[in-house]
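So the chains spell out like this:
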Amino acid sequence: MPLTENDVLNAGASAKSCKLFDGGGLFLLVTPKGKKWWRLKYRFARKENQLSLGVYPDVSLADARELRAKYRKLLADGIDPSDMRKAEKAGKLAEELRRIAATRFMLDNDGALSFRLGNRCLALNESETTELRAFLDATRGVTIRSKSCR
């Protein structure tokens, strides 16, 4: 039988964790401390998995049902929702790193380089930037070999 908003609201803490099932793999996990977590239980590639959908009341019953429908559609299309979320997270992290790098190193119209290290900013003029580029190009193919201690 599907959950109602009253069922979710009145679910209280008990000695052990308790699961209140809504259907279609969606359930509310109520911890002994009274925390309420939405979870989606599903099978993909013959393995049982769980996906966290959020904490009640931040994620309402209606929101949890929408997320369940979204993830079940992905499963029907042959996509593991967990893998998709990991890929989205990795994409967001990569975008954040690109944004940080873009603000860390800046090349102005004159060809002068400036970069930020922590709270400090270093600005090179055009000739210093050219020298730095030449140095980096010259050292790019150099490998450092150390002698092992005997």
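As a reminder, the structure under discussion sits directly above these lines.
Residues numbered from 1 in each chain as written. Predicted model: local features only at pLDDT ≥ 70, side-chain atom pairs only at ≥ 80, totals over all residues. Heavy atoms only, no water.

*Asks:* Go over the sheet that holds strand 1 (residues 18–23) with me, naming the residues and quoting the values.
*Replies:* Taken together, the four strands give an open sheet; going across it, the order is 1-2-3-4, and neighbouring strands pair in antiparallel fashion. In the strand order of this sheet, the two ends are held by strand 1 and strand 4 (47–55), each with one partner. Taking each pair of neighbouring strands and ignoring which way they run, the sheet shows an average axis angle of 30°. Where strand 1 and strand 2 (residues 26–30) come together, five bridges link them in antiparallel fashion. By the bridge assignment for strand 2, Leu20 is matched with Leu28. Against the sheet, helix 2 (residues 61–76) contacts strand 1, strand 2, strand 3 (36–44) and strand 4, and its axis sits at roughly 15° relative to strand 3. (Pairing = 2+ DSSP bridges. Helix = DSSP H or I, 4+ residues; strand = E, 2+ residues; numbered from the N terminus. Axes fitted to C-alpha atoms, helices over the stretch in contact; angles between N-to-C directions. Contact = heavy atoms within 4.5 Å.)

*Asks:* Before we move on, can you summarise the pattern of salt bridges with the specific residues and values?
*Replies:* Applying the stated criterion across every chain, the model contains eight salt bridges. Where Glu96 meets Arg99, a salt bridge forms, and the shortest distance between an N and an O atom there is 2.6 Å. Pair noted here: Glu96 and Arg99 are both in helix 3 (residues 81–104), with a separation of three residues, about one helical turn. By relative accessible area, which is 44% here, Arg99 ends up partly exposed. Between Asp137 and Arg140 there is a salt bridge, and its shortest N-O distance comes to 3.3 Å. Ionic contacts of the salt-bridge type, sharing partners, join the residues Asp22, Arg65 and Arg68 into one network. (Salt bridge = Lys/Arg side-chain N within 4 Å of Asp/Glu carboxyl O. Buried < 20%, exposed > 50% of the residue type's maximum accessible area, 1.4 Å probe, protein only.)

*Asks:* I'd like to hear about the pairing of strand 3, residue by residue, with values.
*Replies:* The pairing of strand 2 with strand 3 spans five bridges and is classified as antiparallel. In the sheet register, Val30 faces strand 3, and the bridge partner there is Lys36. In this structure, the hairpin formed by strand 2 and strand 3 is closed by a connection of five residues, where Gly34 is found at a positive phi of approximately 95°. The pairing of strand 3 with strand 4 spans eight bridges and is classified as antiparallel. Looking at the pairing, Leu40 lines up with Leu51 of strand 4. What sits between the antiparallel neighbours strand 3 and strand 4 is a turn of two residues, in which Ala45 has the positive phi angle 55°.

*Asks:* So what about unusual backbone geometry? Which residues, and what values?
*Replies:* The omega torsion of the bond from Tyr56 to Pro57 falls at 15°, within 30 degrees of zero and hence cis. Mapping Pro57 onto the fold places it in the loop between strand 4 and helix 2. Located in the positive-phi region is Ala45, a residue other than glycine, with phi close to 55°. Structurally, the position occupied by Ala45 is in the loop between strand 3 and strand 4. One non-glycine residue, Arg46, lies in positive phi territory at about 65°. You can see Arg46 is positioned in the loop between strand 3 and strand 4.

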